[in-house]
Amino acid sequence: MKKNKLGIIGHFGGNKKFLDGQTVKTKILYEELEKKTNWKIKKIDTYYKKPNPIKLIFQTILAIIECESIVVLLSGNGMKIYFPLLYCCSKFLNKKIFHDVIGGNLDENIKKYPRYKKYLNSFEYNWVETNGLKQRLEDLGVNNCEVIPN
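Residues numbered from 1 in each chain as written. Predicted model: local features only at pLDDT ≥ 70, side-chain atom pairs only at ≥ 80, totals over all residues. Heavy atoms only, no water.

**Points about helix 3 (residues 76-92)**
Over its 17 residues, helix 3 runs 24 Å from end to end, which matches the ideal 24 Å to within 8%, given 1.5 Å per residue. Remark: the principal bend of helix 3, roughly 40 degrees, maps to tyrosine 82, with a proline, proline 84, within the next four residues. Within helix 3, the full set of buried residues consists of Gly78, Met79, Tyr82, Phe83, Leu86, Tyr87, Cys89 and Ser90. Downstream of helix 3 by one or two residues, asparagine 94 has phi in the positive range, about 55 degrees. (Helix = DSSP H or I, 4+ residues; strand = E, 2+ residues; numbered from the N terminus. Expected span 1.5 Å × (residues − 1). Bend = angle between axes of the 7 residues up to and from the residue. Buried < 20%, exposed > 50% of the residue type's maximum accessible area, 1.4 Å probe, protein only.)

**Structural notes on a nonpolar patch on the surface**
A cluster of nonpolar side chains, Ile54, Ile57, Ile61 and Ile65, forms an exposed patch at the surface whose accessible area comes to about 430 Å². Counting through the fold element by element, isoleucine 61 comes out in helix 2 (residues 53-66). The partly exposed category is assigned to isoleucine 61, whose relative accessible area is 45%. (Patch = residues over 30% accessible without salt bridge, like charges linked within 9 Å, V, L, I, M, F, W, Y side chains within 5 Å. Areas by Shrake-Rupley, 256 points an atom, 1.4 Å probe, with all protein chains shown as cover. Salt bridge = Lys/Arg side-chain N within 4 Å of Asp/Glu carboxyl O.)

**Overview of the sheet that holds strand 6 (residues 145-147)**
Taken together, the 6 strands give an open sheet; going across it, the order is 2-1-3-4-5-6, and neighbouring strands pair in parallel fashion. Looking at strand neighbours, the two that pair on one side only are strand 2 (40-45) and strand 6, the edges of this open sheet. Sheet twist, expressed as the mean angle between neighbouring strand axes with direction ignored, is 20 degrees. When strand 5 (residues 125-128) meets strand 6, the two strands line up parallel, connected through 3 bridges. Across the sheet, residue tryptophan 127 finds its bridge partner in strand 6, namely glutamate 146. Packed on one face of the sheet, helix 3 meets strand 1 (5-10), strand 2, strand 3 (69-72) and strand 4 (96-100) and runs near 145 degrees to strand 4. (Pairing = 2+ DSSP bridges. Axes fitted to C-alpha atoms, helices over the stretch in contact; angles between N-to-C directions. Contact = heavy atoms within 4.5 Å.)

**Quick word on unusual backbone geometry**
One non-glycine residue with positive phi stands out, namely asparagine 94, at about 55 degrees. Structurally, the position occupied by asparagine 94 is in the loop between helix 3 and strand 4. Under the relative-accessibility criterion, asparagine 94 is labelled exposed at 64%.

**A closer look at the nonpolar core**
With 31 residues, the main nonpolar core has Ile9, Phe83, Leu86 and Leu137 as its most contacted residues. When contributions to this core are tallied by element, the ones reaching two or more residues are helix 2, strand 3, helix 3, helix 4 (106-112), helix 5 (116-122) and helix 6 (131-139). Ranked by residues supplied to this core, first place goes to helix 3 with 6 residues. Within the second largest apolar cluster, 12 residues are counted, among which are Leu6, Phe98, Ile102 and Trp127. (Core = buried A, V, L, I, M, F, W, Y, C linked by side-chain atoms within 4.5 Å.)

**Quick word on the pattern of salt bridges**
Per the stated rule, a full pass over the model turns up 8 salt bridges. Glutamate 129 serves as the salt-bridge partner of lysine 25, at 2.7 Å between the closest nitrogen and oxygen. Here lysine 25 is found in helix 1 (residues 21-36), whereas its partner glutamate 129 is found in the loop between strand 5 and helix 6, with 104 residues between them in sequence. When the shortest N-O distance is used, the salt bridge between lysine 35 and glutamate 32 registers 3.1 Å. You can see lysine 35 and its partner glutamate 32 sitting in helix 1, 3 residues apart, about one turn around the helix. Residue glutamate 32 is classed as partly exposed on the basis of its relative accessible area of 28%. The network of salt bridges with shared partners includes Lys25, Asp100 and Glu129.

**Description of the pairing of strand 1**
Taken across its 6 residues, strand 1 has 5 buried, putting it largely inside the fold. Pairing of strand 1 with strand 3 involves 4 bridges; the strand directions are parallel. When the sheet's bridge partners are listed, isoleucine 8 is paired in strand 3 with valine 71.

So this is what it looks like as structure tokens:
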């Protein structure tokens, strides 16, 4: 049986220990998928954007080439870079993109950057933590949200 290939783009913290919500959520998702699936999972650690951007670019390109699906967990800065790229992957390379939303202010980001709505609607799902955020996103025209409590 062929193994599914999944990329996870998020802040894993490199070799350092981080206890912030974004890093913890990213690591827990990875660990649970490792335990409960037989998927081959490729980690793309956004920690390396400053100490080793070449490594991050290389990991991202490999994941796009090798993985059928990509889960992305991004902060505001990561959205600016990855959303347009993942939009193209979704539209032109038929990659399945799943966005696991960090925090509860994505609606504010859409108001600030209206093009995000197009990107978000190109993804398979945008997993949000609350019904309130789901409703606010739907009010802004993002129609593919699912609530997965933190």
